[in-house]
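Fold and geometry: a report
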Amino acid sequence: MGKKIIVFGSINMDLVVSINDFPKPGETILGKHHQWFPGGKGANQAVAVFRTGGNVRMIGKIGDDHLGKIVINHLRGERMDLQGVKCIREEVTGLAIINVNSLGENNIIVSAGANQVWPETEAELNDLLKGYDMVVLQQEIPLRVVKSVLKIAKAQGVHTILNAAPASEDILPSLKYVDLLIVNEVEISVLSGMALADIPSITEAVIKLSGACSNIIVTLGKDGCLVFADNEFNGVPSYKVKVIDTTAAGDVFVGAVATRLSEGERILDAARWATAASALTVTKLGAQASIPHRNDIGKFILESGKG
Ligand code: RIB
């Protein structure tokens, strides 16, 4: 069993509507069908750590409603440590409205609900982190909490992984507490303040941010990812798969990287393995419903001839 990982983050219920094309402003379109799935970047990443073999505790909030009961029951089915998940009275559970087009691309609107309610003091956050080796964070909970956890974790010597999604420039002063930053193209564009068109410009953005954070991975969808670690750039190609839904591919990448790093793997090798995990994720509809287990990833890598 690897080191102990703690994930602070959002827990949502996702309403996924399958459509042909995204509607234009002012347009009403008919969807093909819709389905409910447990989601939330925090919960997805915690489940990804768990299913890929990591030792994980989830810290998050659900609302006092029927959606909260559904998501927590689903998470309980994973048998991971959920003692840090609290139900917030008189609040609704976070909701994500996700449109998935015929290419498997999505757009997502999140209504945070209980995910915004974090009354924990710095002393309480400090206590929550005690005994953990690694913390994983995203930005669907209050930025104040993300910033505090990063700072406290650094002071305690806990390894920090930040998935800066959704992106906000306000996190920039805290990047100095981040051991590994994982972002997609949109997020690194926001953080670097640069318009990005290609690998050379993304590389430049990484160099700009590397003054604050020395390990950065930029996920590039079907183009794999760009890894900057140990002062070296490496591209990791993706796998060719039939894309059904890209939702949670980034979350699975983050969770799988965390698991492998907790086992002592190098960042580049962890990113290669996580790329396979993400590729499997996009072949199924839904967030947590599509997260692969460790055995599936090993099998997929062998079958693809990259093992
Ligand atoms: O990253 C995918 C997730 O983003 C979805 O599950 C949705 O809940 C939003 O948080």
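Our subject is the structure that appears above.
Residues numbered from 1 in each chain as written. Predicted model: local features only at pLDDT ≥ 70, side-chain atom pairs only at ≥ 80, totals over all residues. Heavy atoms only, no water.

**A word on the overall build of the protein chain**
Broken down by element type, the protein chain carries 9 helices and 13 strands. Relative to its length of 307 residues, the protein chain is compact, with a C-alpha radius of gyration of 18 Å against a globular reference of 19 Å. Once the C-alpha set of the protein chain is aligned to its principal axes, its extents read approximately 50 × 45 × 40 Å. Taking all 307 residues of the protein chain together, 54% fall into the buried category. Total accessible area on the protein chain is roughly 13,700 Å²; 53% of this is exposed by carbon and sulfur atoms. Computed over 30 positive and 33 negative side-chain charges, the separation of the two mean positions in the protein chain equals 4 Å. (Helix = DSSP H or I, 4+ residues; strand = E, 2+ residues; numbered from the N terminus. Rg over C-alpha atoms; globule rule 2.2 N^0.38 Å. Buried < 20%, exposed > 50% of the residue type's maximum accessible area, 1.4 Å probe, protein only. Areas by Shrake-Rupley, 256 points an atom, 1.4 Å probe, with all protein chains shown as cover. Lys, Arg positive; Asp, Glu negative; His and termini not counted. Charge placed at Lys NZ, Arg CZ, Asp CG, Glu CD.)

**Side note on the layout of surface pockets**
One water molecule sets the probe size; rolling that probe over the atoms shows where empty space is left. Looking at the largest pocket, its volume works out to about 1,400 Å³. Around the largest pocket, the lining comprises 49 residues; the ones closest to its centre are N184, G221, T246, A249 and G250. Of all the elements in the fold, those that place two or more residues in the lining of the largest pocket are β2 (12-18), α1 (41-51), β6 (94-100), β7 (106-111), β10 (180-184), α5 (185-192), α7 (249-262) and α8 (267-281). At 5 residues, α7 tops the list of elements feeding residues into the lining of the largest pocket. (1 Å grid on protein atoms, 1.4 Å probe; cavity = no way out; pocket = protein on both sides within 12 Å on 5 of 7 lines; lining within 4 Å. Points joined across faces, edges and corners; volume = space filled by probe spheres on them.)

**Considering the sheet that holds β6**
On the basis of which strands lie adjacent, the open sheet formed by 4 strands has the order β3-β2-β6-β7 and mixed pairing. The outermost strands of the open sheet, each flanked by one partner alone, are β3 (33-39) and β7. For this sheet the average axis-to-axis angle between neighbouring strands, irrespective of direction, equals 20°. Pairing of β6 with β7, which is carried by 6 bridges, proceeds in the antiparallel orientation. Residue pairing across strands places L95 opposite S111, the latter belonging to β7. (Pairing = 2+ DSSP bridges. Axes fitted to C-alpha atoms, helices over the stretch in contact; angles between N-to-C directions.)

**A closer look at the nonpolar core**
Within the largest apolar cluster, 51 residues are counted, with the highest numbers of intra-cluster contacts made by I161, I217 and V227. Tallying contributions element by element places α8 first for this core, with 10 residues. Dropping the residues within four chain positions of it, I217 is found in contact with L180, L181, I182, V183, C225, L226, V227, F253, I267 and A271. By size, the runner-up hydrophobic cluster in this structure holds 39 residues, among which are I152, L162, I171 and V178. (Core = buried A, V, L, I, M, F, W, Y, C linked by side-chain atoms within 4.5 Å. Contact = heavy atoms within 4.5 Å.)

**Notes on the packing of aromatic side chains**
Applying the stated rule across the entire model yields 3 aromatic pairs. Taking the centre distance of 4.9 Å and the plane angle of 45° together, the rings of Y239 and F300 count as tilted. A residue pair is termed long-range when its members are at least 10 positions apart, and Y239 in the loop between β13 (232-236) and α7 and F300 in helix α9 (residues 294-303) qualify at 61 residues. Judged by its relative accessible area of 14%, F300 is buried. Sitting above the plane of the Y132 ring, K4 keeps its charged end 4.9 Å from the centroid. The cationic tip of K61 hangs over the ring face of W118; the distance from NZ or CZ to the ring centre is 4.3 Å. (Phe/Tyr/Trp six-rings, centres within 6.5 Å; stacked < 30°, edge-to-face > 60°. Lys NZ or Arg CZ within 6 Å of the ring centre and 35° of its normal.)

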